[in-house]
Amino acid sequence: MMLLLIGCGSTGCDKKTDAPAAVGQTTEEQTELFEAVKPPEGGWTAEEFYETVILCGKKLSYPLNMETFGTDFEFDKESAQKSEEEALIAAFLTFKDTYLGTVTFDNCEDVSDITPETDISTMNIIIEDCEVTETVPFTINGARFGTSKTDVVNLLGDDYQSVYDQVYIYSDRETGNEICRIFFNKDVLVSVNFICE
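Residues numbered from 1 in each chain as written. Predicted model: local features only at pLDDT ≥ 70, side-chain atom pairs only at ≥ 80, totals over all residues. Heavy atoms only, no water.

(A) Representation of the overall build of the chain within the structure. From N to C terminus, the chain includes five helices and eleven strands. Buried positions account for 49% of the 197 residues belonging to the chain. Sequence-distant contacts, at least 24 apart, represent 56% of the contacts inside the chain between residues at least 6 apart. Total accessible area on the chain is roughly 9,900 Å²; 46% of this is exposed by carbon and sulfur atoms. (Helix = DSSP H or I, 4+ residues; strand = E, 2+ residues; numbered from the N terminus. Buried < 20%, exposed > 50% of the residue type's maximum accessible area, 1.4 Å probe, protein only. Contact = heavy atoms within 4.5 Å. Areas by Shrake-Rupley, 256 points an atom, 1.4 Å probe, with all protein chains shown as cover.)

Given below as structure tokens:
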């Protein structure tokens, strides 16, 4: 089951979807947060990239942990599953008790090891599974569910690796570590995998 939770979160499980409908509502206050910045020459650092990420109206920073998110976000301890191969725990992430996606925590043997300050190693949000509708679930420098590939490149830059033209991987320009994978279906953004380690 651990593989299913992590695997589906990162790939979208090859679900077939029509062009996604608008997800969530944008308030006037949030519109100011969604204004894009010009992508840096040569790509992003993790810190620069995560400064452009807004999750349910909350501007994020790097590294990510539950304390960064604030009180409206929780990881669901009931859904937590430990990997048998490594010290890793995956759990559902909720916003105001509504399913948003999944998070994983490295170097944790038990749910009790996870504190608000524990760094999140990955966070996955998939359009078919996300139940948040009162606000836009996420935006990355203006890119969100339903954004076209062309617009993603305009907003995030062309310093990415493409996997079968369906996944764009953005990496830190200084370390080379992956920071985000963006998944497309029918040339629109349908899933995002934030890599925070």
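(B) A look at the pairing of strand β11 (residues 188–195). With eight of eight residues buried, β11 lies mostly within the body of the structure. As paired elements, strand β6 (residues 122–126) and β11 share five bridges and run antiparallel to each other. Bridge pairing links Ile 125 to Val 192 in β11. Connecting the antiparallel pair strand β10 (residues 178–185) and β11 is a turn made up of two residues, with Lys 186 showing a positive phi of about 55°. (Pairing = 2+ DSSP bridges.)

(C) Spatial organisation of the sheet that holds strand β1 (residues 53–55). Spatially, three strands are ordered β2-β1-β7 in an open sheet, and the strand pairing comes out antiparallel. Each of the sheet's edge strands pairs with one partner strand only, and the pair in question is β2 (58–59) and β7 (138–140). Here three bridges tie β1 to β7, and the two strands are oriented antiparallel to one another. Across the sheet, residue Leu 55 finds its bridge partner in β7, namely Phe 138.

(D) Spotlight on the environment of Thr 98. Inspection of the secondary structure assignment puts Thr 98 in strand β5 (residues 98–106). Put simply, Thr 98 and Asp 72 are 26 residues apart on the chain and 9.9 Å apart in space, counted from C-alpha to C-alpha. The contacts of Thr 98, once residues within four sequence positions are left out, are Leu 93, Glu 131 and Val 132.

(E) Spatial organisation of the nonpolar core. Counting 48 residues, the largest nonpolar core has Phe 49, Leu 55, Phe 69, Leu 100, Ile 140, Ile 182 and Phe 194 as its most contacted members. Among the elements that line this core, the one with the most residues is β11, at five residues. Excluding its chain neighbours within four sequence positions, the residues that come into contact with Phe 49 are Trp 44, Ile 140, Leu 156, Ile 179, Cys 180 and Phe 194. (Core = buried A, V, L, I, M, F, W, Y, C linked by side-chain atoms within 4.5 Å.)

(F) View of the state of the cysteines. Counting across every chain of the model gives zero disulfides. With no disulfide of its own, Cys 56 lies 6.7 Å from the sulfur of Cys 130, the closest cysteine sulfur. A residue is classified by how much of its surface remains accessible, and Cys 56, at 7% relative accessible area, is buried. No disulfide involves Cys 196; its sulfur sits 8.9 Å from that of Cys 180, the nearest cysteine. (Disulfide = S-S within 2.5 Å.)

(G) Seen up close, the side chain of Thr 147. Mapped onto the secondary structure, Thr 147 falls in the loop between β7 and α5 (149–156). At 2.8 Å, the side chain of Thr 147 and the backbone oxygen of Arg 144 are in polar contact. Ignoring any residue separated from it by four or fewer positions in sequence, one finds Thr 147 in contact with Gly 142, Val 152, Leu 155, Phe 184, Asp 187, Val 188 and Leu 189. (Polar contact = N/O pair within 3.5 Å; in protein donor to acceptor, adjacent residues only side chain to side chain.)

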